[in-house]
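What follows is the residue order along each chain.
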Amino acid sequence: MELSTTHYDFAGWVTCSDRLCSDGRTIMPDAFKHHDGEIVPLVWNHQHDDPNNILGKVLLHSKDGSMYGYGQFNDTESGKLGKELVEHGDVCALSICANQLKHNANRGVTHGMIREVSLVLAGANPGAFIDTI
């Protein structure tokens with residue numbers, strides 16, 4: 001299956017603007033708009049030290065000042081497990097790993113580079129969650 005906005009395993013908000021995150025930052029509208037149309041890895045809980053933690057990939061889509069994503073799981077054991085957890089509703093939160101962040105005077109993120117999207121038990125951004133399976 002080719003990853004697209006019509007062929008995916010799940011979809012949801014990978015990060016939402018104008019929401020105070022648990023790290024004290026707020027993502028400003030269009031901070032990640034330059035990633036529209038890019039594909040990044042889907043990872044389990046931001047664990048980058050083991051290739052088994054790569055579950056698939058996510059197509060990023062700029063939407064309403066925030067970033068939406070269309071995810072596809074790999075046909076690996078970890079990908080199959082991730083898919084099962086999402087399909088059963090056991091895991092529904094998403095989170096991004098971003099670097100090269102630029103901030104305004106109020107700790108609002110105005111720009112950054114999304115390196116991956118993670119399935120997490122609880123995300124830092126309260127608006128980042130899977131809304132379609």
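On a predicted model such as this, the values are computed, not experimentally measured, just so you know.

S.K.: Any details on the pattern of salt bridges? Residues and values, ideally.
M.R.: What the rule picks out here adds up to three salt bridges. Where K83 meets D9, a salt bridge forms, and the shortest distance between an N and an O atom there is 3.6 Å. One end of the pair, K83, is in helix α1 (residues 77-87); the other, D9, is in the segment before β1 (10-15), and 74 residues separate them in sequence. Here D9 falls in the buried class, since its relative accessible area comes to 15%. Of the charged contacts in the structure, one is a salt bridge between K80 and D75, with a shortest N-O distance of 3.6 Å.

S.K.: Account for the environment of G127, with residues named and values stated.
M.R.: Secondary-structure assignment places G127 in the loop between β7 (108-120) and β8 (130-132). For G127, a relative accessible area of 1% gives the class buried. Sequence spacing of G127 and R107 is 20 residues, and the spatial spacing of their C-alpha atoms is 18 Å. What G127 contacts, discounting residues up to four positions off in sequence, is W13, C16 and R19.

Scoring rules and cut-offs
Residues numbered from 1 in each chain as written. Predicted model: local features only at pLDDT ≥ 70, side-chain atom pairs only at ≥ 80, totals over all residues. Heavy atoms only, no water. Salt bridge = Lys/Arg side-chain N within 4 Å of Asp/Glu carboxyl O. Helix = DSSP H or I, 4+ residues; strand = E, 2+ residues; numbered from the N terminus. Buried < 20%, exposed > 50% of the residue type's maximum accessible area, 1.4 Å probe, protein only. Contact = heavy atoms within 4.5 Å.

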